[in-house]
Amino acid sequence: MSSWIRFRLKSTKAAGRAINMLKRTCTCGELTKSDVGREVALNGWVDAYRDFGGLVFIDLRDRFGITQVVFEPSAGAELQARARELRAEYVVGVRGTVAERLPGKENPNLATGQIELRAAELVVFNESVTPPFEIQGPEPNEELRLTYRYLDLRRPSVQRVFLLRHRMLQSMRNSMSDMGFVEVETPMLGRSTPEGARDFLVPSRVHAGRFYALPQSPQLYKQILMVAGYDRYFQIARCFRDEDLRANRQPEFTQLDVEMSFVEDEDVIATMERLVVALAKEFTGEELNLPLPRYAYHDVVERYGSDRPDLRYDLELKDLADLAAASEFQVFRQAIDSGKRVRGFRVPGGGSKLSRKDLDQLTEYAGSLGAKGLVWLRVEESTFAGPAAKFLPAPLQTQFRERFDAKQGDLLLIVADTQAVTNQVLSALRSRVAADLKLYDPSKFHYSWIIRFPLLAWDAEEGRYAAEHHPFTMPLPEDLHLLDTDPAKVRAQAYDLVINGEEAGGGTIRCHDPKIQAKIFSLLGLTPEQAEEKFGFLLGALRHGAPPHGGIALGFDRWVMLYAGLENIRDCIAFPKTARGTDLMTGAPGTVDARQMRELKLRFLES
RNA sequence: GGGGAUGUAGCUCAAUUGGUUAGAGCACCGGCCUGUCACGCCGGAGGUUACGGGUUCGAGCCCCGCCAUCCUCGCCA
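Predicted model only: the values in this text are computed from it and were never measured. (Residues numbered from 1 in each chain as written. Chains lettered and ligands numbered in written order. Predicted model: local features only at pLDDT ≥ 70, side-chain atom pairs only at ≥ 80, totals over all residues. Heavy atoms only, no water.)

Draft legend 1. Geometry of the sheet that holds strand β11 (residues 294-296). If you walk across this open sheet you meet the eight strands as β6-β9-β10-β22-β21-β20-β17-β11, and the pairing is mixed. At either end of the open sheet lies a strand with only one pairing partner, and these are β6 (182-183) and β11. Relative to strand β21 (residues 502-509), strand β20 (residues 494-499) runs antiparallel, the two sharing six bridges. The residue bridging L497 from the neighbouring strand is G505, located in β21. The sheet strands contacting helix α8 (residues 297-304) are β11 and β17 (447-451), and the helix crosses β11 at an angle near 85°. In the packing of helix α18 (residues 556-563) onto the sheet, contacts are made with β10 (252-261), β17, β20, β21 and β22 (549-555), and the angle to β22 comes to roughly 45°. (Pairing = 2+ DSSP bridges. Helix = DSSP H or I, 4+ residues; strand = E, 2+ residues; numbered from the N terminus. Contact = heavy atoms within 4.5 Å. Axes fitted to C-alpha atoms, helices over the stretch in contact; angles between N-to-C directions.)

Right under this line is the structure:
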């Protein structure tokens, strides 16, 4: 039994007894044979009732477990009659004696299956209308689960997730504190800053026409805390981004936000690895070897088509430019001639395991991601099979074989297109094929760091560079000279933690050198005046004695999702939003009345 | 904003090529039952097939529109 219940039981003993209150002495998950003979009281929800006329059984449920209660004739006709009225999800208190079950009547599926509670007193705290779905029944559809979230959250399989989330939160907080980090809260009502995602805005009543913005992350505050000398900061921070949602993306989410002073990237990475090792051990039982593998951004994009590759399986991409150029196959030739790329990967055993229909579906999938086609080649004893095979003469087929180290029964998947499209399509195909063919153990985890991201990315639409991470990132020292000559080649002191192909977190060493910062601003198309206007408070802080500093933010929800074995981030957020940002339980976002609008001096424009 | 999937009883699902009165299990209601634990047995009620149009002798099924949920591209670390 958890200690807080014992504490409450003691502390309330002397308090005045409310009428009809029957306080529990135990939870529904803890009674065993050693409790036989005790008089106890349980509180909980009716999970199931079985009425035999002369004998009534109730399964009583709370978050600790289920205990069978039996109402025998000897308890009195009146008590039995009232027990017979109980229905699913009624909330009751039962007092009685713990009894050993009759021989042969034990239930091995219940932790409490050796005993039952012989009821002597029953209090119905509350009845329940018939629930829209059964708490222990088949999984209702998600729309219904979110509408009746209070019932969904009552389901044991869901409670398991939130108990895990709680324990991970506690463990993380303790680890950070033990490593000397100070937890500081930063504001939710802040100032809108450019760059990054769209802000959620909150209108100011006092200052009509002005708005607060909910934080996309505590980024600027945590840097200011470093200037203020807090040295090691962390926060379990709620962040808000008003962008379209995905299976792993919610408009408000929780991140472990970290910042450290007097550090280089190695220090941040090493510190986070200690945390990852501790959590992995506690919640997955796995002992990780340190350091975790690290890959340079350019290498993983080349080898896997993604900056967050799922490395639980191999399926490494190969470049085929030279072979494609030597072929007569128009799809390949045209791609090469127009400066595009031809790349692909080998699926071990895929030639025999994937049917023609599977391959057609993969082709369709590739098309939906922007590819004009998908070249597939089944590797046979000495030849290739597939629509494109006839365009590849035997000597070239041999070279393909060697390039992929292909064996009979394998499958080659090849895409000819731009760098961006081949990346996108091939990385998506990698994960889909790996999942379809079960090329990895879904209960295992793969952790890696992706490092040396580009500092800047060219934004064709805006005609300027945009910060790849954020505008206060420090370039790699050896790339500093490229800021003037070839800014796109400058690599950043940036690092992402990737778990199973999910971006679990990312961070950078910050730029505390005003000269370098000024240069970056100018590349971003910001004049000193504009930079001052937008980030003045941070720049001001950086001029008042800023230590070298850097940090990271880990996506906590995604981490819980992975460790809970979930495929959807909503399932580890107690009250999540739908993909369109609504809350089906509360109806948010809702309208507000005219008086609130007037107070804020806002008017709704019909679109 | 684009692409895709789904929507049938309270829930989970079925319903041949467009063809009789849209079915099953669970839940619900009534009855019986002293050892069940997915209790069992008997009986009952429950449907605007998301919604709005259309085609057809006839639509759950085909067409158009629309709403909701999910996945995804764009977007977003």
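Draft legend 2. Summary view of the sheet that holds strand β4 (residues 91-100). What the five strands build is a closed barrel, ordered β1-β2-β3-β5-β4; its pairing is mixed. For this sheet the average axis-to-axis angle between neighbouring strands, irrespective of direction, equals 55°. In this structure, strand β3 (residues 65-71) lies alongside strand β5 (residues 115-126), joined through two bridges in parallel fashion. Within the sheet, the bridge partner assigned to V70 lies in β5 and is R118. Most of the contacts of helix α2 (residues 77-84) go to β5, to which it runs at about 70°, and overall it touches β1 (39-51), β2 (56-62), β3 and β5.

Draft legend 3. Just the packing of helix α6 (residues 219-227) against helix α17 (residues 528-542), in detail. Two numbers describe how α6 lies on α17: the axes approach to 9 Å, and their chain directions differ by 20°. The orientation of α6 with respect to α17, classified from their angle, is roughly parallel. Here α6 and α17 pass one another in a crossing that is left-handed. In contact with L220, Q223, I224 and V227 of α6, α17 contributes F535, F537, L538, A541 and L542. (Parallel < 35°, antiparallel > 145°, perpendicular 65-115°, else oblique. Left-handed = near helix turned anticlockwise from the far one by under 90°.)

Draft legend 4. Spotlight on the protein's contact with RNA strand B. Lining the immediate environment of RNA strand B, one finds 49 residues, of which R101, K105, E116, E143 and E243 sit closest. The contact in question runs from a phosphate oxygen of RNA strand B to an N or O atom on the side chain of T582, over 3.0 Å. Of the residues belonging to the surface near RNA strand B, the class tally is 14 nonpolar, 13 polar and 22 charged. (Near = heavy atom within 4 Å. Polar contact = N/O pair within 3.5 Å; in protein donor to acceptor, adjacent residues only side chain to side chain. Nonpolar A, V, L, I, M, F, W, Y, C, P; charged D, E, K, R; others polar.)

Draft legend 5. Representation of helix α16 (residues 514-523). Buried within α16 are the following residues: I516, Q517, I520, F521 and L523. Taken down its axis, α16 places every buried residue within 160° of arc, on the same side. In this structure, α16 carries P514 and K515 as exposed residues pointing more than 90 degrees from its buried face. Packed against the buried residues of α16 are β18 (456-459), β19 (464-467), α15 (482-485) and α17. Capping the start of α16, D513 holds a side-chain oxygen 2.8 Å from the backbone nitrogen of K515, two or three residues further along. Directly beyond the C-terminal end of α16, a positive phi value near 85° is found at G525. (Buried < 20%, exposed > 50% of the residue type's maximum accessible area, 1.4 Å probe, protein only. Arc of directions from axis to C-beta.)

Draft legend 6. Spotlight on a nonpolar patch on the surface. Together, Y150, F575 and M585 make up an exposed nonpolar region whose accessible area comes to about 300 Å². Considering the arrangement of structural elements, one finds F575 in the loop between α18 and α19 (594-599). Classification of F575 by relative accessible area gives partly exposed; the value is 47%. (Patch = residues over 30% accessible without salt bridge, like charges linked within 9 Å, V, L, I, M, F, W, Y side chains within 5 Å. Areas by Shrake-Rupley, 256 points an atom, 1.4 Å probe, with all protein chains shown as cover. Salt bridge = Lys/Arg side-chain N within 4 Å of Asp/Glu carboxyl O.)

Draft legend 7. The arrangement of the side chain of Q68 in detail. With respect to the helices, strands and loops of the structure, Q68 is situated in strand β3. When residues no more than four places from it in sequence are discounted, the contact partners of Q68 are R50, F57, I58, D59, R101, E116 and L117.

Draft legend 8. Focus on helix α13 (residues 394-404). Here α13 has its buried residues at L396, Q397, F400, R401 and F404. All buried residues of α13 project into a common sector of 150° when viewed along the axis, lining one side. For α13, the exposed residues lying more than 90 degrees away from the buried face are P395 and E402. One or two steps after α13, the chain reaches D405, where phi turns positive at roughly 55°.

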